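# Fold and contact review
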Amino acid sequence: MAFALSGAVAAATVARPGKRPPEPEPELEEPSLLGAPAPSGRLGSDPGLSDSEESVFSGLEDSGSDSTEDATASEEEGAGTSEQRSRMGRSPGQQARTPCSRTEVANVQGEDEYAEDSSDEEDIRNTVGNVPLEWYDDFPHVGYDLDGRRIYKPLRTRDELDQFLDKMDDPDYWRTVRDRMTGHSMRLTDEQVALVQRLQRGQFGDVSFDPYEPAVDFFSGDLMIHPVTNRPADKRSFIPSLVEKEKVSRMVHAIKMGWIQPRRPRDQSPNFYNLWAQEDPNAVLGRHKMHVPAPKLALPGHSESYNPPPEYLPSEEERLAWEQQEPEERKLSFLPRRFPSLRAVPAYGRFIQERFERCLDLYLCPRQRKMRVNVDPEDLIPKLPRPRDLQPFPTCQALVYRGHNDLVRCLSVSPDGQWLASGSDDGSVRLWEVATARCMRTVPVDGVVKSVAWNPHPTICLVAVAVEDTVLLLNPALGDRLVVGSTDQLLSAFTPPVEPTSQPAHWLEASQEERQGGLRLRIHHGKPVAQVAWHGRGDYLAVVLATPGHTQVLIHQLSRRRSQSPFRRSHGQVQRVAFHPTRPFLLVASQRCVRIYHLLRQELTKKLMPNCKWVSSLAVHPAGDNVICGSYDSKLVWFDMDLSTKPYRVLRHHKKALRAVAFHPRYPLFASGSDDGSVIVCHGMVYNDLLQNPLLVPVKVLKGHALTRDLGVLDVAFHPTQPWVFSSGADGTLRLFT
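What counts as what
Residues numbered from 1 in each chain as written. Predicted model: local features only at pLDDT ≥ 70, side-chain atom pairs only at ≥ 80, totals over all residues. Heavy atoms only, no water. Helix = DSSP H or I, 4+ residues; strand = E, 2+ residues; numbered from the N terminus. Contact = heavy atoms within 4.5 Å. Areas by Shrake-Rupley, 256 points an atom, 1.4 Å probe, with all protein chains shown as cover. Polar contact = N/O pair within 3.5 Å; in protein donor to acceptor, adjacent residues only side chain to side chain. Buried < 20%, exposed > 50% of the residue type's maximum accessible area, 1.4 Å probe, protein only. Lys, Arg positive; Asp, Glu negative; His and termini not counted. Salt bridge = Lys/Arg side-chain N within 4 Å of Asp/Glu carboxyl O. Core = buried A, V, L, I, M, F, W, Y, C linked by side-chain atoms within 4.5 Å. pLDDT = per-residue confidence, 0-100. UniProt positions renumbered as here; feature names shortened; annotations may be inferred. Pairing = 2+ DSSP bridges. Axes fitted to C-alpha atoms, helices over the stretch in contact; angles between N-to-C directions.

This part is about the overall build of the chain. When its secondary structure is counted, the chain shows 13 helices and 33 strands. Considering only contacts within the chain whose residues lie at least 6 apart along the sequence, 51% involve residues at least 24 apart. Total accessible area on the chain stands at roughly 48400 Å², and carbon and sulfur atoms take up 53% of it.

In this structure, Q575 sits in strand β19 (residues 574-579). At a separation of 3.5 Å, a polar atom in the side chain of Q575 contacts the main-chain carbonyl oxygen of Q573. One polar contact links Q575 to W614, side chain to side chain, over a distance of 3.2 Å. The contacts of Q575, once residues within four sequence positions are left out, are Q531, V544, A589, S590, Q591, W614 and V615.

The next subject is unusual backbone geometry. The backbone phi angle of D446 is positive, close to 60°, even though this residue is not glycine. Residue placement: D446 occurs in the loop between β9 (438-444) and β10 (449-454).

A few words now on the side chain of R430. Considering the arrangement of structural elements, one finds R430 in strand β8 (residues 428-433). Of the side chains with opposite charge, D426 comes closest to the buried, unpaired R430, at an N-O distance of 4.9 Å. Here G403 takes part through its backbone oxygen, which lies 3.1 Å from a polar atom of the side chain of R430. Leaving out residues up to four positions away in the same chain, R430 has contacts with G403, H404, L420, A421, S422, C439, R441 and T442.

Further remarks concern the nonpolar core. Membership of the largest hydrophobic core comes to 20 residues, with the highest contact counts inside it found for V471, L473, V532, L541 and L558. At the level of elements, β11 (463-467), β12 (470-474), β14 (519-524), β15 (529-534) and β16 (540-545) are the ones that each hand at least two residues to this core. With residues near it in sequence (within four places) discarded, V532 still touches S451, A453, A464, A466, V471, L541, A542 and V543. V429, V445, V463 and L519 belong to the second largest nonpolar core, which has 18 residues in total.

Right, let's get into the confidence of the model for the chain. Confidence along the chain averages 79 in pLDDT terms, with 80% of residues attaining 70 or more. Here helix α1 (residues 31-34) is the element of the chain with the lowest mean pLDDT, 36, and helix α8 (residues 242-257) is the one with the highest, 95. In this model, residues 117-122 is a region of pLDDT below 50 whose contacts with residues beyond four sequence positions or in other chains number 14 contacts.

The next point concerns the UniProt feature "repeat: WD" (unreviewed entry) in the chain. This chain's UniProt record puts "repeat: WD" (unreviewed entry) on residues 401-442 and 651-681. Taken end to end, residues 651-681 is 0% helix and 55% strand, and its two terminal C-alpha atoms sit 12 Å from one another.

Read from one edge to the other, the open sheet built from four strands follows the order β27-β28-β29-β30, with strand pairing classed as antiparallel. Bordering the open sheet on either side are β27 (658-663) and β30 (695-703), each of which pairs with just one other strand. If you compare each strand with its neighbour and ignore which way they point, the axes differ by 20° on average. Bridge count between β27 and strand β28 (residues 669-674): five bridges; the pairing is antiparallel. Looking at the pairing, A660 lines up with G673 of β28.

Next up on the list: the environment of D625. Here D625 is to be found in the loop between β23 (615-620) and β24 (626-631). Separated by 14 residues in sequence, D625 and F639 place their C-alpha atoms 8.4 Å apart. With near-sequence residues (within four places) excluded, D625 lies in contact with F639, D640, M641 and D642.

Time to look at the sheet that holds strand β25 (residues 636-640). Ordered by their spatial adjacency, four strands build an open sheet running β23-β24-β25-β26, and the pairing between neighbours is antiparallel. On the outer flanks of this sheet lie β23 and β26 (649-651), each paired with one strand and no other. Taking each pair of neighbouring strands and ignoring which way they run, the sheet shows an average axis angle of 20°. In this sheet, β25 lies alongside β24 in antiparallel orientation, the contact comprising five bridges. Bridging across to β25, G630 finds its partner in L636.

With that settled, consider the pattern of salt bridges. One pass over the full model with this rule turns up 16 salt bridges. Among the salt bridges present, the one from R175 reaches D190, with a minimum N-O distance of 2.9 Å. Of the two residues, R175 sits in the loop between α6 (160-169) and β3 (176-178) while D190 sits in helix α7 (residues 190-200), which places them 15 residues apart along the sequence. Connected via shared salt-bridge partners are R231, D234 and R236.

Written out as structure tokens, the structure is:
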């Protein structure tokens, strides 16, 4: 800081602004100081005046240092003479003052130099002036005293625990504050605490100030005789204004032209607003494009009335049923009651709860604006042909085949369509004549029949029956005798090899008594058999075993009586298998997917994902490019293998689990049987044009089976030549729909 020193001697009575008088020191009362001769009055003219005496004259405390220590301190700080030290020690408020002479020292005793001091500062040791204290954050001191020596910051080694103990032990802790100028703690006096409390209450700091004192009226209310001013009136006060004349003429012209319309009288009728009306899109919130108005509450009905009609009042049974229901299942959140008058209606108990839930719905439930396209709903429905244009398909029940005593799990139709084979849980296989529903033969097999498959080759008369862990090959001896004889001749022409090889299944010839009953061969597997399926040429037979492992699927060759396991590892529990009708493919359906294997290349070709929880049945289209799968979660999935491995269409027509699906060999029909007791026949046209998607239309729902043990239709099969469908059910019957 730079200070300017004047040579003139200032008066001793000049008080320092903004400073308070310090405590008088004992040195001021020494007779040697008071009786000293008067100096010349110029600064630095008295060489005997020390710095401590000079500090007395300037109204500050004595720092207690002699001239030698001051000189040493000035050398450390880079200052020169004692005159410069006295400049550096002064605050900005002292810049205008000059030290007084010794002649005026005697006047100090009799006349108080600080009588007019109005300073409220408590500590004037720090003389840094009006300087931001942030400048000293990186230094160990906070300023300088009057002698130019550093004022060091106090050591802050007290942690929060010490502060807490001080807070508990010191009764004056609440009135102790920290002085930022010196870093020390200060205790507020009662007057300072009262001042802070008055300021916190919004009052004035001065106690003697009265904010409500009466106002002084500078002008009296009496009429004066003489005017305040006698200025003559302006000329424009009594001459018409040309500017106003021009404005009036413009307004008259605008009214004539119709540019200015007269104000319409306000309608004094009260305005009523419809709370349940749609919000105006031009309202304040309507300016926001994404604003979605909250849905209105439903209008109260008759049940909310305090005197509802009698049919709205619940009976005692309805009241008990309402109390036993869960709160989410109740249609009404309250019970309608009747009161004699509106004054007798009590306060609604759930009022606050319902208002709170309404507020939650308003700000927590998301609302989304969806852009609607003006589309006719009729255009969204695909243009399906009428069912009568898709005939022929089965429409009614024609015959019922009765004879089994337990549920009929499976059925199969002969290649010529004349005979029907069925297997039941009563341990028998029955052979029926299709046209008359007459049971031609009953073959007891001593076990639950899981699957029956008639050989599809027209020159072979064989039926494969899956009973427990054995596959029985029966010759039913029905139809053409030449075909029956050639089948037996084909089976007897086999010559066993000289060195038998190990096989996963054992082929056994039937005994003479069993041959009388129609049995020709037994194939033992050692594990339960779930399904049998013939190849289209009639020489190969695929078997599904109901055990985990890689030997779940076995393929038997009838002419060589050879068995083989085509897979080395398992991909889950196998549900169904089927041969491709035209290509060397084997379709294996597990619980979640359908795998297609190339038998000649011995590799996986495709993996179809039905997106079902559990696949129950499988059927391949006669052309071989489309597959349908039924599942226990009531879905029927259509795959177009040339299109994708994902479903082309998912049909959810049934209400319960699907048990069987089937394609018609000649007509564009497919059917599905379900546990809901119905058979749904659909039209499924597959076009030769690869650019045209298959047409799937449900045409008929056939019902006739009674539900038994929550089971309905267990198997379906089409007639090979006619648009007829056979079904077997848990009620022990087979039905023909034509």
